[in-house]
Structures are given as C-alpha cells and as structure tokens.
Amino acid sequence: MFPKNAWYVACTPDEIDGKPLGRTICNEPIVFFRGPEGQVVALEDFCPHRGAPLSLGRVVDGKLVCGYHGLQMGCDGRTVAMPNQRVRGFPPVRSYPAVERYGFIWVWPGDPAQADPARIHHLHWAGHPEWAYGGGLYHIRCDYRLMIDNLMDLTHETYVHADSIGQKEIDETTPTTHVEGDEVVTSRFMNNISAPPFWRMALRGAGLPEDQPVDRWQICRFSPPSHVMIEVGVALAGRGGYHADNKDKVYSIVVDFLTPETENTMWYFWGMARHFKPDDPELTEAIRKGQGKIFSEDLEMLERQQRNLEHWPDRQLLALNIDAGGVQSRRVIERLIAAERAGATAGAAA
Amino acid sequence: MFPKNAWYVACTPDEIDGKPLGRTICNEPIVFFRGPEGQVVALEDFCPHRGAPLSLGRVVDGKLVCGYHGLQMGCDGRTVAMPNQRVRGFPPVRSYPAVERYGFIWVWPGDPAQADPARIHHLHWAGHPEWAYGGGLYHIRCDYRLMIDNLMDLTHETYVHADSIGQKEIDETTPTTHVEGDEVVTSRFMNNISAPPFWRMALRGAGLPEDQPVDRWQICRFSPPSHVMIEVGVALAGRGGYHADNKDKVYSIVVDFLTPETENTMWYFWGMARHFKPDDPELTEAIRKGQGKIFSEDLEMLERQQRNLEHWPDRQLLALNIDAGGVQSRRVIERLIAAERAGATAGAAA
Amino acid sequence: MFPKNAWYVACTPDEIDGKPLGRTICNEPIVFFRGPEGQVVALEDFCPHRGAPLSLGRVVDGKLVCGYHGLQMGCDGRTVAMPNQRVRGFPPVRSYPAVERYGFIWVWPGDPAQADPARIHHLHWAGHPEWAYGGGLYHIRCDYRLMIDNLMDLTHETYVHADSIGQKEIDETTPTTHVEGDEVVTSRFMNNISAPPFWRMALRGAGLPEDQPVDRWQICRFSPPSHVMIEVGVALAGRGGYHADNKDKVYSIVVDFLTPETENTMWYFWGMARHFKPDDPELTEAIRKGQGKIFSEDLEMLERQQRNLEHWPDRQLLALNIDAGGVQSRRVIERLIAAERAGATAGAAA
C-alpha cells in the first residue's frame, strides 16, 4: 500500500561513493550508481545476460560492469558492450528517474513519464549556512505507515523515550490536526514549562538561560508519499513562542524519510536539521549519536506491533484525537493510490 | 491439536517479578503481570489503542501501562485510563483465567466460564517441608505430544542419556501401562540391580549404602492436558521396593509440564521434587544443573523428529508395548478435544 | 528439476568415518553409514519406530542403532533387532543403491532396479600414481543448474576471480561447444599468452620456464546428471598446446560434482586432480586452500542470482555463444527427465 508515482529517498551520496548500491524500494530491486558525469543512475538490479544482480559489479568510467561476465550496462538500462559480443539486440532493463538533491538520492519507482524533479520535497534548510544537518538510516520490519502513525503522534515520546525527550506535558496537551491539500499538520504547543535536557543543552549553546520557563512546540508535517518533517523548539516563555524573535529561541527540524522496501519492511532515513550553532561539527555528531540511540528505541515496538497486527488482521484500531495526524495521512496516501490506479486505467484505455 | 479448556503452566513467579511477561500459550499471545493485590493477571498481549504488545510496557500500581502511548490497562482487560482521553468506549481485550499455585502461574486459554481452579493439577509435594524442588524452562520446536511420547517411554534414557540415568535394565524390563479415567500410568520395576550414579549420590546423602543391590522404579503418570509426573526411586533390594519403608529408600518426582506454544512449538517446564535432603539448597542447585544438562539432550532429537514427521506426514508410526503410554495419552487428548468441540457446538446451538 | 535415476556424489569417505551421516540428496533425506564389511549403506533417514532421524544414532558392528530407543537397523532397511521387541513385522525403510568409488560415495536416489554401478562416472585419474587430488564441499542456496551454467562458461573467471585465475584473454577468445551424446563439451584455446600466477607456479614446480609465452586451454565437459570436469593446462607456446608432449606442459582437471539437495539448494563437491608433482602433499593442501578460496567467490553471486530469478520468474535470460555449454547441458537434463517420466509411466502401465 504505497504510491509508486512519487519521489522517495533511496540512499545518501556516500552510499554510492565509487561503488554501486543494491536496494529494494517499493518492491523494486534497484541498483544505484554514478554515471560518467557523476550523475545518479537507478536501474533494475538485474543483468539481462543471466539475471545476476548488477549491484555486485563495479563502476568503470561511469558504466556499470556486471561482476559475473563483464556485461557493461549504460545509464539508460541498455547494454553498452560485452567482451566479444554484439549487444545491440540485448533487452534493456528498466531505468528509474533518480535525482541527487539536498544531500539525498531520490528515486521515482513509478511511471517515468510523470517524474518531475520539481516535485521533489523541498528542504529549505539543506545547504543553508544557518543550518546544520546530521542523520542516519535504519531498516525496520514494519509497514512504513506504522512509522507515519508514530511520528504524527508524539505522545509516544513520554513512554518510548521517557529518559530523553519525553515529558508529561506532551501527554497533557491536546494536539490539533489540520489538512492542507495533500499535507497533514499536527501541532502541539506547551507554554511556560521546564525545558527537558536536550533543549537545555541547546539554550546553553545559544547563550540563552536554560533554567527559565520556556514555551515548547512540536509541529509535525506529513507530506506525501511518506515524509514527516517535525519543527521542534523552545523560546523563553512569553516571547511569542514559535513566533518569537530568533534571539529568544532555539529550534530544529526532525527529518524523517520513510521509504517502503516491501509491503511490510521499510528504510528509515532519520536526522535533524538545526538552527543553532551550525558551525559545530562535533555538536552535529553528538546530536546524531543521541538521536540515533533515541530513535532506535522505537524499532522493537514497531516490529512487534507489526507482528501483532499480522496475528489479528481483522482487528480495528482506535482513532483518537492524538491519532488524527496518522489517520489523515493514511487518507492522503489512499487517495493518491486510488488516483494512481485510475490514471493507470485511463492510460491503458487511451 | 490441544485442548483449550484446561489449566496449563504458563510461567514461574520470578518471570513476572516487577514486569510484564509476553508469552504465547496455545496460539494465544498473552501478557502476564501482577495486579494491585499481587494477583496474577493474564490478558491478550494487544493494546486496544494501536495494537502494540502490552508486554513491552510496565506495571504501575497494579495496572499495566502500555509502553507506546501510556494507555492504562486494568486487570479485567478494560482500559482504566489514558492521558488526556476518555476511555469508556474503548473495546476490552480478552482476559484469561490465571492462578498462582504450587510455585507456578497457571492459565486457562479456553472458555473462561468453565475455568475452575479446583481442577488445577494437584502437586502434593509443593511447599511440603519434606520435599525440595528445582527446575527450569526450555523452548522446543516440536509438537508437545512428541514430548509426551518421550516421557511416557523411558527406554530412550538408555540411548539419549546413556551417560547419566540410562542403564541396560531399563531396556530389558517390559513396562506396564494402564488407564485410570483421564490419566495414563506406565510403570517399570527393576529389581536387584546396581544403582546408577544419580541414585548412588542420593543413597549416600540419605545415609544408606550405595554399593548394595537396589530395587529401582519409574512410574510415569500422564494427566491432561499435558502434565507428566514421574515417580522415580530406589530401595535397598528386598525391602519392598516402591512400598519399602521410608528409611530404606530414596525417591523423587520428575516434574514435566508440557505447554503448547503453537501447533509445532512448545514450552517445556522441567524439574525435580525430591524427598531426600530437602534442606540442602546447594544439592537442589546441583540437581537442577545436572537435570538441565540431561534434559537438553532430548532437544535435538525431538526437533529433528518433528522435521522428519513434517517431511513424511502420511507415514504411520509403530505403537509397541513401550509406546503404550504415549498412545493412550494421545487418546485421552483426542477425547478431550472432541468433547470440547461437541460442547462448543452444543453451546452455539443453545 | 533433476533426474533421480542417476549416480550422484553424496559425500566423501571421511564423512562416514565411524559415524552415520544424514544428508538430503534430491529431496530425499538419507543416512549414510558403513555396514559390517565396511561397505557403504544408504537408507531413508527415518526410524520406523517413531520417525527419529537414524543419523543421530551410532554404528555398532555394522548396524545402525537408533539414538532414540535403540532400534537396530540393518543394511537393507529392515530392522534387525530392538531391545525386548519382536521386529519381524516392522515396516522396512527405503534403501538406496550406494557405492564407494574413486574416493567418493555415490548414491542413486531413483529406481533401484536401474542402478548399474558400471554407469558411475569414470575418473581415470583417481588413485593413479601420476595424479594427486584435493577438494572440499560447499552448501549453496541455488538451483544446481546455475552452477552448471557457471562452470560451462568460464568467462566469469575474468570478473569473479579477477585476482587469481582470470585474465583478459579468456574474454577475448570465443569458446566452441559441441554435444557428444549426453555429454557437452565447451573448449577454449588461448595461444601465445602470458601464464597467470597459478600456472607460473605449476610450470616452476615442473621444472619448466615460467616467464615464456604459453598456450593455455580450458575444456569443460558436462556429464549427466550434473558433473563438470574441466581440463585445464598450459604448454610452452608452439609445442602443440593441449597435444604437446608431457615434458612441455602442465595440466590438471578441475573436478565439480553438483548434487541437488532440494529444488533450489545444492551440495558442491569441488576439487582438483593435477598431473604435476603428485607426490607433494603440501602442494595438494596449498592448492586445495587456494581453490577453496577462489570457488567461495562464486557463492554470493549464485545465491543472489537465484533470488533475482525467483523475483522475476518469467523473465527470459540470454543464450549467447558463451552460454552454449549451459544451454546444451540443460537440454540433456530435460531429455533425461522426460525419458525418466516416460519410463515411469510405461512401467506403471505394464
């Protein structure tokens, strides 16, 4: 249950440094590599000669050389050469639109004709001098939609992440959810509270007092197909909260790209873009490690939840006010899938 | 192939010390924990909010707090509270009759209306000052009935446990089997033989000579649904054997609770209740370790037998005189399952 | 997809030294052991008593004693004895024709009436004083036919084994393939080239110059059901190549017995019989280690190819000139399977 006509994050540039990468995205086994001009190429991970995975080969002068019998695959999925063979009649393998942007490799696993790079999710902070970014990747054995639910309902922080970012005020504050076209936004504002450890550190780093009351916010934004950006921050209490002047607040964006691998497994690209102390790479690494540890706390819960739902496939789940973000996000996904199918049918008819 | 209207051993008290335990019993994923008065509670391991396993949560004041979003589950399967939510309309999860008795937690995975604690298997030695008990737990990938066969035919001791409790006289002595209602008893009496190592140790501990001939007995008793208690002992030869005076014999009960996890996996609660030197905890631990090692010798055989039977599902096995205990026990089980189904049908019709 | 009326290599003699061996061959779980005269016996790995695998037992005086309850199995699949039991009515288990020859144990998993030891693949070098042999065994999760393809098209050496036996001239030289009855031969002759490291070592060992041009050959011969013998060697250039006088060349036979375990897993018995320095056991071991390392490089490729073909079951592969050996070998296999089925049908009708 995922749209295929969409841009998904497939990997990070370091993963294709000088070598191909095989990764399944939306049930499609794909090989990623860099072509002769350094551009990103995504092809079916299948050598037309004998079906070997091309990702076990190597990249030579921007061509992907199969590691089994030396077939040279070009960037368009057509065989360029093979020792001692005529390759003109070789069947091509499928090529996927792929773009490198904002520090990620994006792939479009659906109909290439509809792949418009302008529709890649815009990351205003990427490469901006006032921002710094660090992140990582987890593989999780669950439907990616369980992670959407997770991120659109942060009350779980109080329980899953009790020791780091959770605090009781999250539970006690009802979030509001609204839909903006294909995007879903769930917001929670907690005013005049005590800052939890992570934000004390951030206030200190920004030269602000860490022991004064703060206004804290969490604004979770789902964008199709499966990106969740969460604006988080604190301002000195009474200075306007989210809208306070930059000198009175510290804030970041929690970055979550949830890429389906199969129907019930996923790739989780997580990270944080922060607006304080951007020129401190040691801080970036410290935050990355801390976030990696915190986010790993979700994995067992999600994988076990997946197994429970498979054991009781017909059981209805609750949809409380805190779940509205996930519920609305799933509706958007369903609408997109329905439109995709209708389009495919119309295309077939025409 | 197991009755569900029956008391099974689910776990030991230490396994729910201050934390919930998730364990599948007879295909039912169940969470066990202690309620506000310390009583044992068994519920479906499924949070009605989003399907998370409740066993990943924690127990607070006798309520089970879901580790995902803080739903508080009560002892009856009804949600007690959830931060910032009205829970009255939340669907309950199933509650299972559960009882703590004799040092074990017992659960009834079937129709709760029929669960009568008086029907829990009576262990006369439990808590008795003349007896001491030690045991452990193994998970085995086989149908629990293969373990019933194993325990109701101790000729395997000569082969599987050749170095510890086996001796050739076991093989050479034909056992007798009789059925007492729903119980099956297979007995073997070996008179005027040499005591094997374990019994020499026991004789020595009881101040009896260890190098004289003994009369040895093994009385295996199957009780539904899947308990096998084995009376074992030796008496100085010619003093009456099993019926000898206490001063002339040493004896124990090998305790085996075989709890189905699924159709082809099981939980094996094994142990020994002994009637000699009850006040020697070091002896208890030494016996426990020795028994654990001996009983682990069965695991590979049973798991490989299971795989063989799955490979040849239609092949008929032999039913020799030594197999009568297992054969009769399986008949009891089949009769109980048939009665259970008939009852369910009658109940549905009424 | 494998013939069952054929002699397959099942194991090596050391694997049944003083103990039984359980191994599945062509979907048949078989136990191998030595009978009272030391002869090889192959039976269903199933005790007729309770279905335990006989391979967990032990061999006593040429009888296989079941490790569960002591049933004594004879060499013909009939129970010989069991403690305290009459065994005359025990159902026999299936016995498979098995022969020890040329340093291997051969088994015929099909119709025993058709098993003629004269049809065992002849190994002229086995036990010959001018030859030495060393080899090993790998388990691979792929259809054995993928390994036939692999071995009948050695262009993969240039890519998979680039650092050891590969060289660009392999790629550049078109092989020729011809069918000889049920055998398929693919040959490649490379004249006046530089010897790669392995052959330099061999030339040196034979007292020949290693830095002169050589003529190199690779003659791959498929014999049903799934043996591939590869004659490899080099001669000083211009002395007749393959047909050069023994004093001017060094050569070996790469030995590959590909035994199906199931439809998509296999046993790979690999080795090398060499015609130079046969009396040097250290060299035998050095070559064995080197070959083991080189041949292990194929495993990931084959297992990943298998998974790719399972993902795209309907995709047609290419059949280039270099693939002719594999293509023809598969045709032989298909013909044999068809004949086997026709024979079975005719037999059933008669």
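Residues numbered from 1 in each chain as written. Chains lettered and ligands numbered in written order. Predicted model: local features only at pLDDT ≥ 70, side-chain atom pairs only at ≥ 80, totals over all residues. Heavy atoms only, no water.

Attention now goes to the overall build of chain A. Assigned secondary structure in chain A consists of 6 helices and 18 strands. Here the C-alpha atoms of chain A give a radius of gyration of 22 Å, agreeing with the 20 Å that 2.2 N^0.38 yields for 350 residues. Once the C-alpha set of chain A is aligned to its principal axes, its extents read approximately 75 × 50 × 35 Å. Across the 350 residues that make up chain A, the buried fraction comes to 57%. A fraction of 59% describes how many contacts in chain A between residues 6 or more apart in sequence connect residues 24 or more apart. Split by element, the accessible area of chain A, about 14,400 Å² in all, is 50% carbon and sulfur. (Helix = DSSP H or I, 4+ residues; strand = E, 2+ residues; numbered from the N terminus. Rg over C-alpha atoms; globule rule 2.2 N^0.38 Å. Buried < 20%, exposed > 50% of the residue type's maximum accessible area, 1.4 Å probe, protein only. Contact = heavy atoms within 4.5 Å. Areas by Shrake-Rupley, 256 points an atom, 1.4 Å probe, with all protein chains shown as cover.)

Once that is clear, we can look at the interface of chain A and chain B. Facing the 28 residues of chain A at the interface are 25 residues of chain B. Between chain A and chain B lies a buried interface of about 2,400 Å² when both sides are counted; carbon and sulfur atoms form 57% of it. Inspection of the region where chain A meets chain B yields 2 salt bridges. Residues Arg-315 of chain A and Glu-44 of chain B are paired through a salt bridge, measuring 2.9 Å at the closest nitrogen-oxygen approach. Linking chain A with chain B are 12 residue pairs in polar contact (both at pLDDT 80 or more), by the criterion used here. Listed by contribution, the elements that provide at least two residues to the side of chain A that touches chain B are helix 1 (144-152), helix 2 (157-160), helix 3 (168-172) and helix 5 (281-311) of chain A. Among the elements that line the side of chain A that touches chain B, the one with the most residues is helix 5 of chain A, at 8 residues. Grouping the amino acids of the side of chain A that touches chain B by side-chain chemistry returns 11 nonpolar, 9 polar and 8 charged. (Buried area = accessible area lost by both parts, 1.4 Å probe. Salt bridge = Lys/Arg side-chain N within 4 Å of Asp/Glu carboxyl O. Polar contact = N/O pair within 3.5 Å; in protein donor to acceptor, adjacent residues only side chain to side chain. Nonpolar A, V, L, I, M, F, W, Y, C, P; charged D, E, K, R; others polar.)

Our next topic: the nonpolar core. Counting 110 residues, the largest nonpolar core has Ile-25, Phe-32, Ile-140, Trp-199, Phe-257 and Tyr-268 of chain B as its most contacted members. Every residue in contact with Phe-257 of chain B, bar those within four places of it in the chain, is listed here: Val-9, Phe-104, Trp-106, Leu-123, Ser-226, His-227, Met-229, Trp-267, Tyr-268 and Phe-269 of chain B. Counting 108 residues, the second largest nonpolar core, distinct from the first, contains Tyr-96, Trp-106, Ala-195 and Ala-244 of chain A. (Core = buried A, V, L, I, M, F, W, Y, C linked by side-chain atoms within 4.5 Å.)

For the rest of this paragraph, the subject is the UniProt feature "domain: Rieske" (unreviewed entry) in chain A. When the UniProt feature table is mapped onto this chain numbering, "domain: Rieske" (unreviewed entry) sits at residues 7-107 of chain A. Taken end to end, residues 7-107 of chain A comprises 0% helix and 42% strand; its first and last C-alpha atoms sit 5 Å apart. (UniProt positions renumbered as here; feature names shortened; annotations may be inferred.)

Residue and element names in this part refer to chain A. Interaxial distance between helix 1 and helix 6 (residues 324-349) falls to 8 Å at its minimum, and their mutual angle equals 140°. Compared by their axis directions, helix 1 and helix 6 come out oblique. Helix 1 and helix 6 meet at a crossing whose hand is right-handed. Residues Tyr-144, Arg-145, Leu-146, Ile-148, Asp-149 and Met-152 of helix 1 lie in contact with helix 6, whose contacting residues are Gly-325, Gly-326, Ser-329, Arg-330 and Ile-333. When the residues that make up the contact of helix 1 with helix 6 are grouped by side-chain class, the tally is 5 nonpolar, 3 polar and 3 charged. (Axes fitted to C-alpha atoms, helices over the stretch in contact; angles between N-to-C directions. Parallel < 35°, antiparallel > 145°, perpendicular 65-115°, else oblique. Left-handed = near helix turned anticlockwise from the far one by under 90°.)

A separate point is the relation of the copies chain A and chain B. Both copies of the chain are related through a single rotation about an axis accompanied by a shift along the same axis. Taken as rigid bodies, chain A and chain B are interconverted by a rotation of 120° and an axial shift of 0.1 Å, the fit giving an RMSD of 0.1 Å. Look at the turn and shift together and you get a three-fold axis relating the two. When C-alpha positions in chain A are compared against the rotation axis, the closest is assigned to Arg-141 of chain A, at 13 Å. (Least-squares fit on C-alpha atoms with pLDDT ≥ 70 in both.)

All names here are of chain A. With the rule as written, the count across this model stands at 60 salt bridges over all chains. One salt bridge connects Glu-28 with Arg-94, and the closest N-O pair in it is separated by 3.4 Å. Residue Glu-28 is located in strand 3 (residues 28-34), and its partner Arg-94 is located in the loop between strand 8 (79-81) and strand 9 (95-96); the two are separated by 66 residues in the primary sequence. Between Glu-100 and Arg-34 there is a salt bridge; the shortest N-O distance is 2.8 Å. Here Arg-34 lies in strand 3 and Glu-100 lies in strand 10 (residues 98-101), a separation of 66 residues in the sequence. The exposure class of Glu-100 is partly exposed, given its relative accessible area of 38%. Within the structure, one salt-bridge network assembled from shared partners comprises Lys-4, Glu-28 and Arg-94.

What follows is about helix 1 of chain A. Owing to its 3.6 residues per turn, the α-helix aligns residues three or four sequence positions apart on the same side. Across the 9 residues of helix 1 of chain A, 9 count as buried, placing the element largely inside the fold. Among the residues of helix 1 of chain A, Tyr-144, Arg-145, Leu-146, Met-147, Ile-148, Asp-149, Asn-150, Leu-151 and Met-152 of chain A are the ones counted as buried.

Attention now goes to the confidence of the model for chain A. Reading predicted coordinates in detail is not appropriate for stretches of low pLDDT. Of all residues in chain A, 100% have pLDDT values of 70 or greater, and the mean over the chain is 95. Here the prediction assigns the complex a pTM of 0.93, and the interface score ipTM is 0.93. (pLDDT = per-residue confidence, 0-100.)

Looking now at the sheet that holds strand 5 (residues 58-60) of chain A. Whether parallel or antiparallel, the strands of a sheet pair through hydrogen bonds between backbone atoms. All names here are of chain A. Taken in spatial order, the 4 strands line up as 5-6-7-8 in an open sheet, and their pairing is antiparallel. Of all the strands in the sheet, just strand 5 and strand 8 have a single pairing partner and so form its edges. Where strand 6 (residues 63-65) and strand 7 (residues 72-73) come together, 2 bridges link them in antiparallel fashion. Within strand 7, the position partnered with Leu-64 by the bridge is Met-73. (Pairing = 2+ DSSP bridges.)

This next bit is on the pairing of strand 18 (residues 265-274) of chain A. Residue and element names in this part refer to chain A. Of all 10 residues in strand 18, 10 are buried; the element is thus mostly enclosed. Here strand 18 shows two buried faces, one formed by Thr-265, Trp-267, Phe-269, Gly-271 and Ala-273 and the other by Met-266, Tyr-268, Trp-270, Met-272 and Arg-274. When strand 17 (residues 249-262) meets strand 18, the two strands line up antiparallel, connected through 10 bridges. Looking across to strand 18, one finds that Phe-257 is bridged to Phe-269. Hairpin remark: strand 17 followed by strand 18, antiparallel, with 2 residues in the connecting loop.

Glancing now at the domain arrangement of chain A. Residues and elements named next belong to chain A. By the assigned domains, chain A splits into domain 1 (8-119) and domain 2 (132-337). Here the C-alpha centre of domain 2 lies 33 Å away from the C-alpha centre of domain 1. Contact with domain 1, which involves 12 residues of that partner, is made by 14 residues of domain 2. Between domain 1 and domain 2, a total of about 1,100 Å² is buried, with carbon and sulfur atoms accounting for 69% of that surface. Summed over the three residues of domain 1 that lose the most area to domain 2, namely Tyr-8, Val-9 and Phe-104, the buried surface amounts to 46% of that side. (Domains from an automatic or database assignment.)

Moving on: the interface of chain A and chain C. Accessible area lost when the parts come together is the quantity often used to give the size of an interface. The interface of chain A with chain C comprises 25 residues on the first partner and 28 residues on the second. Around 2,400 Å² of area is buried between chain A and chain C when both sides are counted, 57% of it from carbon and sulfur atoms. In terms of surface lost to chain C, no three residues of chain A exceed Phe-46, Arg-50 and Tyr-68 of chain A, which account for 32% of the buried area on that side. Linking chain A with chain C are 2 salt bridges. For the side of chain A that touches chain C, a count of residues per class yields 13 nonpolar, 9 polar and 3 charged.

This part takes up the environment of Gly-89 of chain C. All names here are of chain C. Mapped onto the elements of the fold, Gly-89 is located in the loop between strand 8 (79-81) and strand 9 (95-96). A relative accessible area of 70% means that Gly-89 is categorised as exposed. Here the alpha-carbon distance between Gly-89 and Glu-297, two residues 208 residues apart in the chain, equals 52 Å.

Time to look at the packing of aromatic side chains. In the structure shown here, the tally under the stated rule is 45 aromatic pairs over all chains. For the pair Tyr-138 of chain B and Trp-270 of chain B, a centre-to-centre distance of 5.5 Å together with 35° between the ring planes defines the contact as tilted. Of this pair, Tyr-138 of chain B sits in strand 12 (residues 132-140) while Trp-270 of chain B is found in strand 18 (residues 265-274), placing the two residues 132 residues apart along the sequence. Centroid distance Phe-198 of chain B to Trp-199 of chain B: 4.9 Å. Interplanar angle 80°. Geometry classified as edge-to-face. In this structure Phe-198 of chain B comes out as buried when scored by relative accessible area, which is 18%. Under the relative-accessibility criterion, Trp-199 of chain B is labelled buried at 3%. Taken together, the aromatic side chains of Phe-104, Trp-106, Trp-125, Tyr-133 and Phe-257 of chain A make up a single cluster linked through ring pairs. For Lys-249 of chain A, the ring lying beneath its charged end belongs to Tyr-251 of chain A, and the centroid distance is 5.0 Å. In this structure, Arg-274 of chain C is placed above the aromatic ring of Phe-276 of chain C, and the distance from its NZ or CZ to the ring centre is 5.9 Å. (Phe/Tyr/Trp six-rings, centres within 6.5 Å; stacked < 30°, edge-to-face > 60°. Lys NZ or Arg CZ within 6 Å of the ring centre and 35° of its normal.)

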